[in-house]
Amino acid sequence: QVQLVESGGGLVQAGGSLRLSCAASERNISRYAMGWFRQAPGKEREFVAAMSWRGGSLNYADSVKGRFTISRDNAKNTVYLQMNSLKPEDTAVYYCAVGQLFGQPSVYSTYYVYWGQGTQVSVSS
């Protein structure tokens, strides 16, 4: 069982930036694909960004390309989501997730095994 704890969410004005962190209890998180998803009120959970286990392959939703960046610090067992040029439509609860061992950056939530509790991001206009 892998525990994930997200942090870094908050309230920001449109055009601002936030960096989300996801700390994992798994020491070998570098061996797993990692992903970020979000869920806005009244909507289904949607894919945001993902990274392969080696970090060489990245995948982004079209809605965040060029604005969001996923990265990882294996020494800290932590994955990040840098969010720039935020828009009101980015408002949602953001979740990080652990994918498959030696996996690829899938866009499908069913690919991911462990999930964090989520962190709220609110963007005002």
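(A) View of the overall build of the protein. Helix and strand content of the protein: 0 helices and 11 strands. In the protein, the succession of α and β elements from N to C terminus is β-β-β-β-β-β-β-β-β-β-β. Relative to the 2.2 N^0.38 estimate, which gives 14 Å for 125 residues, the radius of gyration of the protein is 13 Å and therefore close to what a compact globule would have. Considered along the principal axes of its C-alpha atoms, the protein spans approximately 40 × 25 × 25 Å. Within the protein, the proportion of its 125 residues that are buried is 44%. Intrachain contacts of the protein at a sequence separation of at least 6 include 59% that bridge at least 24 residues. Total accessible area on the protein is roughly 6400 Å²; 46% of this is exposed by carbon and sulfur atoms. Where the 12 positive side-chain charges of the protein centre and where its 8 negative ones centre are 7 Å apart.

(B) Representation of the sheet that holds strand β8 (residues 78-83) in the model. Taking strand neighbours across the sheet as the criterion, the 4 strands line up as β1-β3-β8-β7 in an open arrangement whose pairing is antiparallel. The open sheet has two free edges, formed respectively by β1 (4-7) and β7 (68-73), since each of these has just one partner strand. Geometrically, the sheet is characterised by an average inter-axis angle of 15° between neighbouring strands, direction not taken into account. As defined by bridge partners, β7 adjoins β8 across 6 bridges and the pair is classed as antiparallel. Paired with F68 across the bridge in β8 is M83.

(C) A look at the nonpolar core. Ranked by size, the top nonpolar core spans 34 residues in total, and within it W36, V48, F68, I70, L81, M83 and Y94 carry the most contacts. For this core, the secondary structure elements donating two or more residues are β3 (18-24), β4 (32-39), β5 (46-51), β7, β8, β9 (92-101) and β11 (119-124). Excluding its chain neighbours within four sequence positions, the residues that come into contact with M83 are G16, S17, L18, L20, R67, F68, Y94 and V121.

(D) Region of the structure containing the pattern of salt bridges. A complete count under the given rule lists 4 salt bridges for this structure. A salt bridge links R38 to E46; the shortest N-O distance between them is 2.6 Å. Residue classification places R38 among the buried residues on the basis of a relative accessible area of 5%. Residue E46 is classed as partly exposed on the basis of its relative accessible area, which comes to 36%. Of the charged contacts in the structure, one is a salt bridge between R67 and D90, with a shortest N-O distance of 2.8 Å. With R67 in the loop between β6 (58-60) and β7 and D90 in the loop between β8 and β9, this residue pair connects regions lying 23 residues apart in the sequence. We classify R67 as buried; its relative accessible area is 11%. For D90, a relative accessible area of 1% corresponds to the buried category.

Conventions and cut-offs
Residues numbered from 1 in each chain as written. Predicted model: local features only at pLDDT ≥ 70, side-chain atom pairs only at ≥ 80, totals over all residues. Heavy atoms only, no water. Helix = DSSP H or I, 4+ residues; strand = E, 2+ residues; numbered from the N terminus. Rg over C-alpha atoms; globule rule 2.2 N^0.38 Å. Buried < 20%, exposed > 50% of the residue type's maximum accessible area, 1.4 Å probe, protein only. Contact = heavy atoms within 4.5 Å. Areas by Shrake-Rupley, 256 points an atom, 1.4 Å probe, with all protein chains shown as cover. Lys, Arg positive; Asp, Glu negative; His and termini not counted. Charge placed at Lys NZ, Arg CZ, Asp CG, Glu CD. Pairing = 2+ DSSP bridges. Axes fitted to C-alpha atoms, helices over the stretch in contact; angles between N-to-C directions. Core = buried A, V, L, I, M, F, W, Y, C linked by side-chain atoms within 4.5 Å. Salt bridge = Lys/Arg side-chain N within 4 Å of Asp/Glu carboxyl O.

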